[in-house]
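Summary of the model geometry
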Protein chains: 2
Amino acid sequence: MATTGTDLSRMRELNQLSIVWALRGNPPSTVTELAGRAGLSRPAVDVLVQALVTDGWAEVEEPGASSAVGRPARRYRFRADAGHVLGIDVGVHKILAVLSDLEGNLVGTLRRPVAPDAPPTARLSEVDRVIDDVLGAAGMAPADVWAVTLGVTGPVDTAGRTSLSTPLPGWTAADPVAHLAARFSCPVRIENDCKLSAVAERWNGVAQDADDIVFLLAGLRTGAGLILDGTLRRGHGGAAGEIGALKAVRWLTAPDHLQSCPGIPATAAPGEAAAWVFQAARDGDREATKAVRRYTRDLAVGVAALVLTLDPQVVVYGGGFSRSADVVLEPLRRELTKHCLRLPELRASTLGDESVALGAVRLALDEVDSRLLSDGLSAPSAPHR
Amino acid sequence: MATTGTDLSRMRELNQLSIVWALRGNPPSTVTELAGRAGLSRPAVDVLVQALVTDGWAEVEEPGASSAVGRPARRYRFRADAGHVLGIDVGVHKILAVLSDLEGNLVGTLRRPVAPDAPPTARLSEVDRVIDDVLGAAGMAPADVWAVTLGVTGPVDTAGRTSLSTPLPGWTAADPVAHLAARFSCPVRIENDCKLSAVAERWNGVAQDADDIVFLLAGLRTGAGLILDGTLRRGHGGAAGEIGALKAVRWLTAPDHLQSCPGIPATAAPGEAAAWVFQAARDGDREATKAVRRYTRDLAVGVAALVLTLDPQVVVYGGGFSRSADVVLEPLRRELTKHCLRLPELRASTLGDESVALGAVRLALDEVDSRLLSDGLSAPSAPHR
């Protein structure tokens, strides 16, 4: 009942934020439209949006010469390019950076191969080069970046380290947060690749309508990322989704069924071998079809463990093998029917190998939003760690 | 910025509820104390608490003759007995009902054995008798009950049915909600026994400090209930926690290692046989020790699947076998070390076989609270379905 001065100033700040949310992701809007979306009065919105224009969060679109009767209403748009965020996938074979504005529009993408056996210093130097190049191509400097999220393989602890395990050579001793802190004063976060992919599927992928999602990263390694009630599950120590470490579920060896399929050209690299087997199975090759069936049979044990534990709405089949979902999903569904009490929907990812970087962009945007909520809206500038 | 009349009336209602929360579970409190707890001004609280007394939610404790200087402050207490809730465990071998007031104080407990092979009609008649008796002993009628929660074995769908599977004979076709609706006009809810036990452990048991909890119901059957971020996980179709259905995790057969231990007296019932083995292991019997080790080895595979999937803070070992946690937890910990990346804390339940009914009481109390939040505070009376 009692309202103090601090409450009022906080309320003004929250109302201002609700105008930002109402502007963002929408076409240029009138005060009346904004008032409707934000649930505030027109005179209040008029004052708030003027302040946002003054501060640099919004800009005016003056009505052009128009044949309409009366003066057309002024429209406002969010200045999506007031700031940018970076999502970076640090993979075993590649570094992929995606630069996005504050509305999640991608304004730059850059990929560079990296040697699988590269030690952390070499891998982080490649990360630096990719960052320089993607920012340079956009005419930006590190100070223009408001948040950075880096995706790596293996469970990530609160310090951004993968001390438990990771297939990135030497990376258990790496400190990527410290490395990036030398160049960025904005928040830097490290997250597990499967978890980021799950976030990307719910943001821009095939699971936008679902709140309970199991994401499978299927490739030469198999992993999982979990979203429950719309929230990424990290686990108490950052190790949620690591069911693949349990020998009984057979994920560690499942891709071997593909690699050992008779008929694979001797010259094929590990990644190409699997693609060859999937294509041969698609073409009706008996040995390849058997290999795919053995792979899905073993994959299904771990998927069933996740499904029986969580009873999700959707399982997304993603990662490098998702290009071959057409030959995997049906046998996988049949296997799951044997194990599970209730079958979730199975969907194939369409984000391909960009899902990790896209999920990293989404988490970086979330970081910017949570800073706005906690620190309030001053003139647009990068938050500090 | 704009505040409508509806907003103000809703704000008054929420402020009134915050006074209820501030009264409940506390000793009789002064207006000053309530104002501090609710974050409201003293004059506002004075008005609100008077209204609560008028409506029957609170009562005044008039200050007694006191030697203190000046007039001692009047104190208010929540009328915990304004309403009651029922939690009922419908087990294979027993029906257990617990009656609680609105503060969660237990005012009645009643247990009656039931034949394991009793069909649903007979089992529901036993439920009726137990309800009659526990209410009768407290001098109450069904209309005095504000919410009922019933715990059963097997995944429960939104209609309160266990159509997927349950060890209660014939129960997949039973409709306990419809049965209880004939006697209660208040909300009636059915929930899985493992899920209810998990809720009880966080409410009154050994996991009160944890937000991410795996509860193990260990007995002749093994099951699991999950709490993540402090919220019970039901799953999209009510089947979360059913990892035991996966053959690869060996929960279906794990207790057989105990039942088949050499030396068990021929006269022992199935439940007693396990207790005999645990005691013999405690006494140093070699065969019994081996049997317990085999049991924990198989139990650990499913626990590891849950731990690797969810990375919880705490695993609670509960259910009938929790009385023998002293001979189980250490071997279980050793086995988990082999499978897991990160070990959660292992704790033994102290709620014994009342955890299901206690969890049912807690969910019924939550139901009452959510009705108060959505419907507001009129004079105390049972909510309707």
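On a predicted model such as this, the values are computed, not experimentally measured, just so you know.

Right, let's talk about the interface of chain A and chain B for a bit. By a frequent convention, interface size equals the accessible area lost on bringing the separate parts together. Listed per partner, the contact involves 40 residues of chain A and 40 residues of chain B. Between chain A and chain B lies a buried interface of about 3400 Å² when both sides are counted; carbon and sulfur atoms form 66% of it. Run the count over chain A and chain B and you get four salt bridges. A salt bridge links A:Asp212 to B:Arg233, with the shortest nitrogen-to-oxygen separation between them at 3.4 Å. Joining chain A to chain B, the criterion identifies 18 residue pairs in polar contact (both at pLDDT 80 or more). Sorting the residues of the side of chain A that touches chain B by element identifies β9 (222–228) and α9 (286–310) of chain A as the ones contributing at least two each. With seven residues, α9(A) is the single largest residue contributor to the side of chain A that touches chain B. Across the side of chain A that touches chain B, the residue classes tally to 22 nonpolar, 11 polar and seven charged.

What follows is about the sheet that holds strand β8 (residues 213–218) of chain B. Residue and element names in this part refer to chain B. A sheet is described by the order of its strands in space; here five strands give the open sequence β10-β9-β8-β11-β12, paired in mixed fashion. Two strands close off the open sheet at either side, each with one partner strand: β10 (231–232) and β12 (345–348). When strand β9 (residues 222–228) meets β10, the two strands line up antiparallel, connected through two bridges. Within β10, the residue paired with Leu-228 across the bridge is Thr-231. Contacts between helix α10 (residues 325–339) and the sheet are confined to β11 (314–318) and β12, with β12 contributing the most and set at about 165° to the helix.

Next up on the list: the environment of A:Asp132. Looking at the element boundaries, A:Asp132 is found in helix α4 (residues 120–137). The class for A:Asp132 is partly exposed, based on a relative accessible area of 39%.

Let's shift gears to the relation of the copies chain A and chain B. Superposing chain A onto chain B takes a rotation of 180° plus a shift of 0.1 Å along the axis, which leaves an RMSD of 0.1 Å. Expressed as a symmetry operation, the mapping of one chain copy onto the other fits a two-fold axis. Most of the interface of chain A is mirrored in chain B, where 100% of its interface residues are also at the interface.

Applying the stated criterion across every chain, the model contains 10 aromatic pairs over all chains. Note on A:Tyr295 and A:Phe321: the rings are 5.7 Å apart at their centroids and 75° apart in plane angle, and the pair reads as edge-to-face. Residue A:Tyr295 is located in helix α9, and its partner A:Phe321 is located in the loop between β11 (314–318) and α10 (325–339); the two are separated by 26 residues in the primary sequence. Neither residue differs from the other here; A:Tyr295 and A:Phe321 are each classed as buried. Ring centres of B:Trp57 and B:Phe78 lie 6.5 Å apart, and the angle between their planes is 15°; this geometry places the pair in the stacked category. With B:Trp57 in the loop between α3 (42–55) and β1 (58–61) and B:Phe78 in strand β2 (residues 75–78), this residue pair connects regions lying 21 residues apart in the sequence.

It is worth spelling out the domain arrangement of chain A at this point. All names here are of chain A. In terms of domains, chain A is made up of domain 1 (5–78), domain 2 (83–197 + 355–375) and domain 3 (208–350). Domain 2 and domain 3 are separated by 26 Å when their C-alpha centres are compared. On the side of domain 3, 14 residues touch domain 2, which itself brings 16 residues to the contact. Summing both sides of the interface, domain 2 and domain 3 together bury roughly 1200 Å²; the carbon and sulfur share of this comes to 58%. The largest contributions to the domain 2 side of the interface with domain 3 come from Pro-155, Cys-194 and Lys-195, which together make up 45% of the buried area. Along the contact surface separating domain 2 from domain 3 lie one salt bridge. A salt bridge links Arg-234 to Glu-191; its shortest N-O distance comes to 2.6 Å. There are four residue pairs in polar contact (both at pLDDT 80 or more) connecting domain 2 and domain 3. Of all elements in the fold, only β7 (188–192) and α6 (193–204) reach the threshold of two or more residues within the side of domain 2 that touches domain 3.

Before going further, it helps to examine empty space enclosed by the protein. Unoccupied space between atoms shows up once a probe the size of one water molecule is rolled over them. What the rule picks out here adds up to two cavities of 30 Å³ or more. Estimated volume of the largest cavity: approximately 40 Å³. Lining the second largest cavity, in full, are A:Ala239, B:Val307, B:Leu308, B:Asp311, B:Cys340, B:Leu341 and B:Arg342. For the lining of the second largest cavity, the residue count by class is five nonpolar, no polar and two charged.

Take the side chain of A:Glu191 next. Residue and element names in this part refer to chain A. Among the structural elements, Glu-191 can be located in strand β7. A distance of 2.6 Å separates the side chain of Glu-191 from the side chain of Arg-234, its partner in a polar contact. Beyond its immediate stretch of four places on either side in the chain, Glu-191 contacts Leu-150, Gly-151, Val-152, Val-156, Leu-196, Leu-232, Arg-234 and Leu-363.

With that settled, the discussion passes to the side chain of A:Arg362. Here A:Arg362 shows up in helix α11 (residues 355–375). Apart from residues lying up to four places away in sequence, A:Arg362 is in contact with A:Val199, A:Trp203 and A:Asp369.

Bringing the nonpolar core into the picture now. In this structure, A:Tyr317 and B:Tyr317 are the most contacted members of the largest nonpolar core, which totals 90 residues. Once you skip the residues sitting within four places of it in the chain, A:Tyr317 turns out to touch A:Leu216, A:Ala218, A:Tyr295, A:Leu299, A:Ser322, A:Ala325, A:Val328, A:Leu329, A:Arg347, A:Ala348 and A:Ser349. In this structure, A:Leu48, A:Tyr76, A:Ala82 and A:Leu372 belong to the second largest nonpolar core, which totals 33 residues.

Here the focus is unusual backbone geometry. For A:Arg250, which is not glycine, the phi torsion reads 65° and is therefore positive. Tracing the chain through its elements places A:Arg250 in the loop between β10 (231–232) and α7 (256–259).

Rules of the game
- Position labels on residues start from 1 in each chain and follow its written sequence.
- As a convention, the first chain written is A and the first ligand written is 1, with the rest following in written order.
- Where local features are concerned, this predicted model is filtered to residues with pLDDT of at least 70; where side-chain atom pairs are given and counted, the filter is 80 or more; whole-chain, interface and lining totals use all residues.
- For side-chain calculations, the full set of non-hydrogen atoms in the structure is used, while hydrogens and water are omitted.
- Whether two residues are in contact is decided by their heavy atoms: any pair within 4.5 Å suffices.
- Buried area counts how much accessible surface, traced with a 1.4 Å probe, disappears from two parts once they are put together, with both parts' losses summed.
- A carboxyl oxygen of Asp or Glu within 4 Å of a side-chain nitrogen of Lys or Arg is what we treat as a salt bridge.
- By the criterion applied in these results, polar contacts are pairs of N or O atoms within 3.5 Å in which, for protein atoms, one can donate a hydrogen and the other can accept it, and in which residues neighboring in sequence qualify only through two side-chain atoms.
- Numbering of helices and strands runs from the N terminus, with a helix taken as a DSSP run of H or I at least four residues long and a strand as a DSSP run of E at least two residues long.
- Polar here means any residue outside two lists: the nonpolar Ala, Val, Leu, Ile, Met, Phe, Trp, Tyr, Cys and Pro, and the charged Asp, Glu, Lys and Arg; Gly therefore counts as polar.
- Criterion used throughout: strands pair if DSSP finds at least two bridges between them.
- Interaxial angle, 0 to 180 degrees, is taken between N-to-C directions of lines fitted to C-alpha atoms, where a helix line uses only the stretch in contact.
- Under the scheme applied here, a residue whose accessible area is under 20% of the maximum for its type counts as buried, over 50% as exposed, and between as partly exposed, the area being computed with a 1.4 Å probe on protein chains only.
- Fitting of the copies onto one another was done by least squares over C-alpha atoms, counting residues only where both copies have pLDDT of at least 70.
- Note on aromatic pairs: the rings of Phe, Tyr and Trp (six-membered ring only in Trp) are paired at centre separations within 6.5 Å, and the planes decide the class, stacked below 30 degrees, edge-to-face beyond 60, tilted for the rest.
- The split of the chain into domains comes from an automatic or database domain assignment.
- A cavity, in this analysis, means grid points on a 1 Å lattice covering only the protein atoms where a 1.4 Å probe fits yet has no way out; a pocket is instead an open set bounded by protein on both sides within 12 Å along at least five of seven lines, and a residue lines either one if it has an atom within 4 Å of a point.
- Grid points are joined across faces, edges and corners, and a volume is the space filled by probe spheres set on the points.
- As used in this record, nonpolar core signifies buried Ala, Val, Leu, Ile, Met, Phe, Trp, Tyr and Cys residues forming a set joined through side-chain atoms within 4.5 Å.

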